[in-house]
Amino acid sequence: MSSEAAIAVAMFTVADQDSAAAFYTGTLGWDVRMDVNWGEGDDAGRWVEVAPVGSTARLALNPPMGSAPGGGSIGIEVADLAAEKARLQAAGLDVANEMPAGGPVPAMFSINDPDGNWIWVVQAG
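Everything numeric in this text was worked out from a predicted model, so none of it was measured. (Residues numbered from 1 in each chain as written. Predicted model: local features only at pLDDT ≥ 70, side-chain atom pairs only at ≥ 80, totals over all residues. Heavy atoms only, no water.)

Chemist: Would you mind going over the overall build of the protein with me for this structure?
Modeler: Looking only at helices and strands, one finds two helices and eight strands in the protein. Counted from the first residue to the last, the protein has its helices and strands arranged as β-α-β-β-β-β-α-β-β-β. Dimensions of the protein, computed from the C-alpha atoms along their principal axes, are close to 50 × 40 × 25 Å. The long-range share in the protein, meaning contacts at least 24 apart out of those at least 6 apart in sequence, stands at 54%. Surface exposure of the protein reaches about 7,400 Å², of which carbon and sulfur atoms provide 55%. Computing the positive centroid from 5 side-chain charges and the negative centroid from 16, the protein places the two 7 Å apart. (Helix = DSSP H or I, 4+ residues; strand = E, 2+ residues; numbered from the N terminus. Contact = heavy atoms within 4.5 Å. Areas by Shrake-Rupley, 256 points an atom, 1.4 Å probe, with all protein chains shown as cover. Lys, Arg positive; Asp, Glu negative; His and termini not counted. Charge placed at Lys NZ, Arg CZ, Asp CG, Glu CD.)

Chemist: Would you mind showing me how to read the nonpolar core here?
Modeler: Burial of nonpolar side chains together is a common tendency in soluble globular proteins. Counting residues in hydrophobic clusters, the biggest one holds 24 residues, and the most contacted among them are Tyr24, Leu28, Leu61 and Ile119. Of all the secondary-structure elements, those providing two or more residues to this core are helix H1 (17-27), strand S3 (45-51), strand S4 (58-62), strand S5 (73-78), helix H2 (81-90), strand S7 (108-112) and strand S8 (118-123). Here the element with the most residues in this core is H1; it accounts for four residues. Dropping the residues within four chain positions of it, tyrosine 24 is found in contact with Phe12, Gly29, Trp30, Val50, Leu59, Leu61, Asp113 and Ile119. (Core = buried A, V, L, I, M, F, W, Y, C linked by side-chain atoms within 4.5 Å. Buried < 20%, exposed > 50% of the residue type's maximum accessible area, 1.4 Å probe, protein only.)

Chemist: Would you take a moment to explain the pairing of S4 for this structure?
Modeler: The side chains of a regular strand alternate between both faces of the sheet. The buried count for S4 comes to four of five residues, which makes it a mostly enclosed element. Adjacent in sequence and paired antiparallel, S3 and S4 are bridged by six residues, among which glycine 54 carries a positive phi angle near 90°. (Pairing = 2+ DSSP bridges.)

Chemist: Just checking my understanding: could you explain the sheet that holds strand S1 (residues 9-13) for this structure?
Modeler: Spatially, the four strands line up as an open sheet ordered S1-S4-S3-S2, and their pairing is mixed. On the outer flanks of this sheet lie S1 and strand S2 (31-38), each paired with one strand and no other. Here the strands of the sheet are splayed against their neighbours by 25° on average, with no regard to which way each runs. (Axes fitted to C-alpha atoms, helices over the stretch in contact; angles between N-to-C directions.)

Chemist: Hey, could you run me through H2 in this one?
Modeler: Since the α-helix turns once every 3.6 residues, residues separated by three or four places project in the same direction. Taken residue by residue, H2 has Leu81, Glu84 and Leu88 as its buried positions. For H2, the angular spread of the buried residues around the axis is 65°, confining them to a single face. Away from its buried face, by an angle of more than 90 degrees, H2 presents the exposed residues Ala82 and Ala90. Those residues of H2 hidden inside the fold are in contact with S5, S7 and S8. (Arc of directions from axis to C-beta.)

Structure (structure tokens):
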């Protein structure tokens, strides 16, 4: 692998791509970066990518491949952790696993998407 590589796309398994995209765009305020279909019949597929506004990294929302959806985890950085927490709570999300600043890690908390994937919201350093 090249030393010029970068993480560009993380992937979550979701039960329903339309519902997942609605959560990420409607509730979290992210953008749809790609939504394409390919193939026909039983071999047809769909690729959906979402991302926070201004992010170069994207999150692909994929149907499960032989297992149940959920179980993934990503971290996103925000400039104002308290404001983001208030915004997400106002949108009806449960904030969990709050970790204060100090020690080797920044302040953070987690939320879950409807499929049980973890989204860690981290104070940018």
